[in-house]
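Residue-level structure breakdown
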Amino acid sequence: MNIKIKRDELVEYNVSELKGATLLETLNYIKTKIDPTLTYSSGCRSSVCGSCAVRVNEKEVLACSYKVQEGDVIEPLKNVEVIRDLVVNMDKAYEFNAKSKAWINKSASTPDVTQENEKLNEVQSDCILCASCYSACPVYAVNPEFKGPFSLTRVYKYVSDVRDSDAKEKIDVIQTNGIWDCTLCNECTMVCPQDISSKADIEKLRMKSTQYGYMDPNFGSFDGGLDFL
Amino acid sequence: MQNKVLVIGSGGAGLVAALNAHEAGADVTVLTKDYPTRAQTSMAQGGINAVLKHSQNDSVEAHIANTLKSAHGIASEEEVKKLCTEAVDAVEWLDNIGVQFSRTKDGKIAHRRLGGASGDRACYAQDYTGLKILHTLYDQVISKNIEIINDRFLLDIITKQNKVEGVSVLNKRSGEVEVYSANAVVLATGGYARIYDKHSTNAVGTSGDGIAAAIRAGARVSDMEFVQFHPTALKNSSILISESARGAGGHLLNSKSERFVDELLPRDEVARAIHEEMQKGEDIFLDIRHLGEEFIDEELPQERKLAKLYENVDPVYDLIPIKPVAHYTMGGIEVDKNSQTKVEGLFACGECANHRVHGANRLGGNSLLELVVFGREAGVSAADYAKNISVDASVDKIESNNILDEINTYTNDINFYEARTALGDMFYKNVGISRDKKSLQESLKTIKDYISKLHLMGVKDKSKIYNTNLIEFLEFKNMLELSRLVLKGALDREESRGAHYRSDFPNENEAYAKHTIVDINGVVAS
Ligand SMILES: Cc1cc2nc3c(=O)[nH]c(=O)nc-3n(C[C@H](O)[C@H](O)[C@H](O)COP(=O)(O)OP(=O)(O)OC[C@H]3O[C@@H](n4cnc5c(N)ncnc54)[C@H](O)[C@@H]3O)c2cc1C
Ligand code: SF4
Ligand code: SF4
Ligand code: FES
């Protein structure tokens, strides 16, 4: 079995010795036995630390949970700077969490969280920050400042949390380069290893925003378009 | 320079220390060899122990008693009391900052039972407890604008007259050695169970780098021989199936479908019982089928996913093949009541430290708790210390450069990855659940042999940019240094206690009811 890995160029490796191996096991095999210069990231090897996301045949996967197949083409994530081979620089992507103020503003006294409260954002709090969604999102091609799927999911997680005391602040900051820039294409949902739908979270954030008096700016420009007629 | 606290490591312990040092007024920077949310803490599944106000049929006293019992006489009663008493506060704090703990019907944090506990006292967030705690801590750290610098590998701690002055790190992206000066440094770099290589549940970078650097800098370490084996890792991949599966009523079965041990005994006892069965040629399985699909999907969703993905079995319908593997290292850097090491201004917390709360065998759920309780203590102590001390801001990096230059001259006669695999296999066999003098001595000989041959095991990749071949070599070198200490402790301790089982000395011996303390020159006291 052969697979190709995008390094400076596509390099083919023969990994016939392995049977039913995950991509991470395959990368480890190549690194320790064939070519120690192959460069990639890993950690938990059990799909929970978010280190090993790459693209296989143009789709984002976790290397540690993907089973390798003949002819696979492995590439680094998109929308992030490649440092070397499959290792990318996540600094800028993670900064969107800060720019979106994705954290709790503690209230003076914390209300009890009910079972229903907890279920409201249980899935969102399963995020492992693997950035698969970030890589799959088409918006970055046009707007590199888009706060992006995982940060917006985190914002939804906190604004839907009864313990948060200042949802408004977060809703305010995601109006620009945020929820309205999303095309609702659903690519992020398709690749999330944790079954999170950032698209759905963004739609919910749009609804919340209208409750706070914000409007879809795209309607505005559409009106402008009508004026032109 | 004033008030500068560096935290090395961004797992639960490091982030708690950073938050608390910041709150205590320090200027904090976190350095980590990857990214904050990628630390091993993300892997913790089962829960964090705390007897909360609504806990029924349980008490802080029982938590203390269980912890001490499991520690087999070598925990500090005072520290254990601190740990268990501050647990309520720790979990309430986590709840306040947004951790999504699972809830009971009446809106209280839910509890479940783990091994060795007399009550249901592990607070959990499904079986993603560590993940949700770590991510919430990270969100808090960025909310405080605390600086985090990613992709920096700790090389050495810089000291002058036994006082910390900073650290030297390898910038993985540029390949350059960088020096960060600081008034105080907190080590939170995790444990060393990856010495066991593939026979370990741990994340790949759990190579004890901080512990090795601490010894080189003049700190002491202790109890390195105590390594906990978790009874239930998946047979092929060593990926953990949480103890909560047994806590919820899961059974351990041998090939004849017989139960052979009380599943809720402490880990050392269950692991030994499994080991004995396996020695008889039995295959061992975890059976949770009777818990039912609904329960499994609600309480143990990750376990089902992991078993399907990595062992090709669905626990709702199938038995899960398991084996015990190395999971947690009780030993670590010696610290005093303020989490300070023997080096002034150098603090430690989390799995890399030995706060003497786990003794010879850690209880499940006490480690996440330790991260919060002692992470806080280390952070506050470091901030206090930093306030009152000034250091020279121009420390130099000559020594660490020397090490890298030297490694650069090593030849490639031996593939160190093969040596790393062999080390893991040997440790699992000889320094595992059961040890004896002969197997330990043999292993020590092999380790010394490896160390003497390091100059033949060089790094093939000569690139400066993101050289993971070099990083893995540095980790391997640290693991070799620590292996020697594990073996030294295990050889000296001619008795069986908790996780340290000597088949040639199967009984606990009162004469050894003490800690094995080691510094760079060897055993200091025991
Ligand atoms: C699979 C699994 C399940 C577990 N489940 C539970 C549980 O349910 N309950 C419980 O209480 N405990 C559990 N534990 C134990 C617990 O998770 C760990 O003991 C704990 O997370 C350790 O946290 P830490 O912050 O000390 O270190 P880690 O989380 O390991 O973090 C270490 C940090 O140090 C950094 N670092 C390491 N070396 C260097 C270096 N050279 N330079 C710079 N940075 C470095 C790493 O990048 C990382 O950020 C579990 C452990 C495992 C492996
Ligand atoms: S939302 Fe999903 S795909 Fe995106 S970072 Fe989180 S886990 Fe990864
Ligand atoms: S749905 Fe929105 S956030 Fe998700 S990939 Fe499409 S544009 Fe990006
Ligand atoms: S190695 Fe952690 S998610 Fe793949």
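Residues numbered from 1 in each chain as written. Chains lettered and ligands numbered in written order. Predicted model: local features only at pLDDT ≥ 70, side-chain atom pairs only at ≥ 80, totals over all residues. Heavy atoms only, no water.

- Chain B goes by FAD-dependent oxidoreductase in an unreviewed UniProt entry, where it is assigned to Sulfurimonas lithotrophica.
- What the UniProt record of chain B gives under Sequence similarities (unreviewed entry) is the line "Belongs to the FAD-dependent oxidoreductase 2 family. FRD/SDH subfamily." (UniProt positions renumbered as here; feature names shortened; annotations may be inferred.)

- An unreviewed UniProt entry annotates chain A as Fumarate reductase iron-sulfur subunit of Sulfurimonas lithotrophica.
- The annotation that UniProt attaches to chain A under Sequence similarities (unreviewed entry) is "Belongs to the succinate dehydrogenase/fumarate reductase iron-sulfur protein family."
- The record held by UniProt for chain A lists under Catalytic activity (unreviewed entry) the comment "a menaquinone + succinate = a menaquinol + fumarate".

**Digging into the UniProt feature "active site" (unreviewed entry) in chain B**
Residues and elements named next belong to chain B.
- Cross-referencing UniProt, the feature "active site" (unreviewed entry) maps to R267 in the present numbering.
- Here R267 is to be found in helix α8 (residues 267-279).
- Exposure remark for R267: the relative accessible area of 7% places this residue in the buried category.
- Setting aside residues no more than four positions away along its own chain, R267 makes contact with Q228, F229, H230, P231, E243, H327, N361, R362 and G364. (Helix = DSSP H or I, 4+ residues; strand = E, 2+ residues; numbered from the N terminus. Buried < 20%, exposed > 50% of the residue type's maximum accessible area, 1.4 Å probe, protein only. Contact = heavy atoms within 4.5 Å.)

**A word on the site of ligand 1**
Residues and elements named next belong to chain B.
- Taken together, 37 residues sit near ligand 1, with T41, L154, E351, S367 and L368 positioned nearest.
- In the environment of ligand 1, a nitrogen atom lies 2.7 Å from a nitrogen or oxygen atom belonging to the backbone of L154.
- E351 has a polar side-chain atom sitting 2.6 Å from an oxygen atom of ligand 1.
- In isolation ligand 1 has 1,000 Å² of accessible area, and contact with the protein removes 97% of it. (Near = heavy atom within 4 Å. Polar contact = N/O pair within 3.5 Å; in protein donor to acceptor, adjacent residues only side chain to side chain. Areas by Shrake-Rupley, 256 points an atom, 1.4 Å probe, with all protein chains shown as cover.)

**What about the sheet that holds strand β9 (residues 177-181) of chain B?**
Residue and element names in this part refer to chain B.
- In spatial order, the strands read β7-β8-β9; together these 3 strands make up an open sheet with antiparallel pairing. Of all strands in the sheet, those with a lone pairing partner are β7 (152-160) and β9, marking the two edges. Averaged over all adjacent pairs, the angle separating strand axes in this sheet is 25°, with direction ignored.
- The strands that helix α15 (residues 468-492) touches are β7 and β8 (163-171); relative to β7, the one it contacts most, it runs at about 50°. (Pairing = 2+ DSSP bridges. Axes fitted to C-alpha atoms, helices over the stretch in contact; angles between N-to-C directions.)

**What to know about the interface of chain B and chain A**
- Taken together, the contact pairs 60 residues of chain B with 57 residues of chain A.
- Here chain B packs against chain A, burying approximately 4,800 Å² in sum over the two surfaces, 47% of which is carbon and sulfur.
- Per-residue buried area on chain B facing chain A is highest for B:R38, B:Q100 and B:R103; these three make up 15% of the total on that side.
- Our count for the contact surface shared by chain B and chain A stands at 6 salt bridges.
- In this structure, B:K132 and A:D126 form a salt bridge, with 2.8 Å as the shortest nitrogen-oxygen distance.
- If you look at where chain B meets chain A, you find 35 residue pairs in polar contact (both at pLDDT 80 or more).
- Where the side of chain B that touches chain A is concerned, the elements lending two or more residues are α4 (87-96), α5 (129-143), α10 (301-311), α13 (416-430) and α15 of chain B. (Buried area = accessible area lost by both parts, 1.4 Å probe. Salt bridge = Lys/Arg side-chain N within 4 Å of Asp/Glu carboxyl O.)

**Focus: the site of ligand 3**
Residue and element names in this part refer to chain A.
- Around ligand 3 sit 14 residues in total, of which C137, C182, C185, N186 and C188 are the nearest.
- If you list the elements that add at least two residues to the shell around ligand 3, you get α7 (187-191) and α8 (198-211).
- Class assignment of the residues belonging to the shell around ligand 3 gives a composition of 10 nonpolar, 2 polar and 2 charged. (Nonpolar A, V, L, I, M, F, W, Y, C, P; charged D, E, K, R; others polar.)

**So, empty space enclosed by the protein**
All names here are of chain A.
- Scanning the entire structure with this criterion turns up 6 cavities of 30 Å³ or more.
- Estimates place the volume of the largest cavity at around 130 Å³.
- Of all elements in the fold, only β3 (53-56) and β7 (87-89) reach the threshold of two or more residues within the lining of the largest cavity.
- A per-class count over the lining of the largest cavity returns 14 nonpolar, 3 polar and 2 charged. (1 Å grid on protein atoms, 1.4 Å probe; cavity = no way out; pocket = protein on both sides within 12 Å on 5 of 7 lines; lining within 4 Å. Points joined across faces, edges and corners; volume = space filled by probe spheres on them.)

**What about the packing of aromatic side chains?**
- What the rule picks out here adds up to 14 aromatic pairs over all chains.
- Ring geometry for A:Y94 against B:Y35: centres 5.4 Å apart, planes inclined by 85°, an arrangement best described as edge-to-face. Taken as a pair, A:Y94 in helix α2 (residues 91-99) and B:Y35 in the loop between β2 (27-31) and β3 (48-49) lie in two separate chains rather than in one.
- Take B:Y35: its relative accessible area is 2%, and that puts it in the buried class.
- Considering the side-chain rings of A:Y140 and A:F146, the 5.6 Å spacing of their centres and the 50° angle between planes classify their relative orientation as tilted. For the residue pair A:Y140 and A:F146, the accessibility class agrees, reading buried in each case.
- Put simply, the rings of A:Y94, A:F96, A:Y134, A:Y140, A:F146, A:F150 and B:Y35 touch in pairs and so form one group of aromatic residues.
- Its guanidinium or amino end placed over the ring of B:Y124, B:R112 lies 3.8 Å from that ring's centre, counting from NZ or CZ. (Phe/Tyr/Trp six-rings, centres within 6.5 Å; stacked < 30°, edge-to-face > 60°. Lys NZ or Arg CZ within 6 Å of the ring centre and 35° of its normal.)

**Observations regarding the domain arrangement of chain B**
Residues and elements named next belong to chain B.
- According to the domain assignment, chain B contains domain 1 (233-324) and domain 2 (403-506 + 514-520).
- Taken together, the contact between domain 1 and domain 2 spans 6 residues of the former and 6 residues of the latter.
- Summing both partners gives a buried area of about 510 Å² for domain 1 against domain 2, and 64% of it is carried by carbon and sulfur.
- Between the two partners, domain 1 and domain 2, sit 2 residue pairs in polar contact (both at pLDDT 80 or more). (Domains from an automatic or database assignment.)

**Brief notes about the pairing of strand β1 (residues 4-8) of chain B**
Residue and element names in this part refer to chain B.
- The buried fraction of β1 is high, at 5 of 5 residues.
- Both faces of β1 are covered, namely the face carrying K4, L6 and I8 and the face carrying V5 and V7.
- Handedness of the crossover is the feature at issue here: the chain leaves β1, passes through helix α1 (residues 12-23), returns alongside β2, and the resulting connection is right-handed. (Right-handed = clockwise from strand over helix to strand, strands pointing away.)

**A few points about the pattern of salt bridges**
- One pass over the full model with this rule turns up 60 salt bridges over all chains.
- The salt bridge involving A:E118 is made with A:K119; its shortest N-O contact spans 3.8 Å.
- Across the pair B:R216 and B:E481 runs a salt bridge whose closest N-O atoms are separated by 3.1 Å. Here B:R216 is found in helix α6 (residues 209-216), whereas its partner B:E481 is found in helix α15, with 265 residues between them in sequence.
- Residue classification places B:R216 among the partly exposed residues on the basis of a relative accessible area of 30%.
- You can call B:E481 partly exposed: its relative accessible area is 24%.
- Each of B:E225, B:R493, B:E495, B:R497 and B:E508 takes part in salt bridges that share partners, so that together they form one network.

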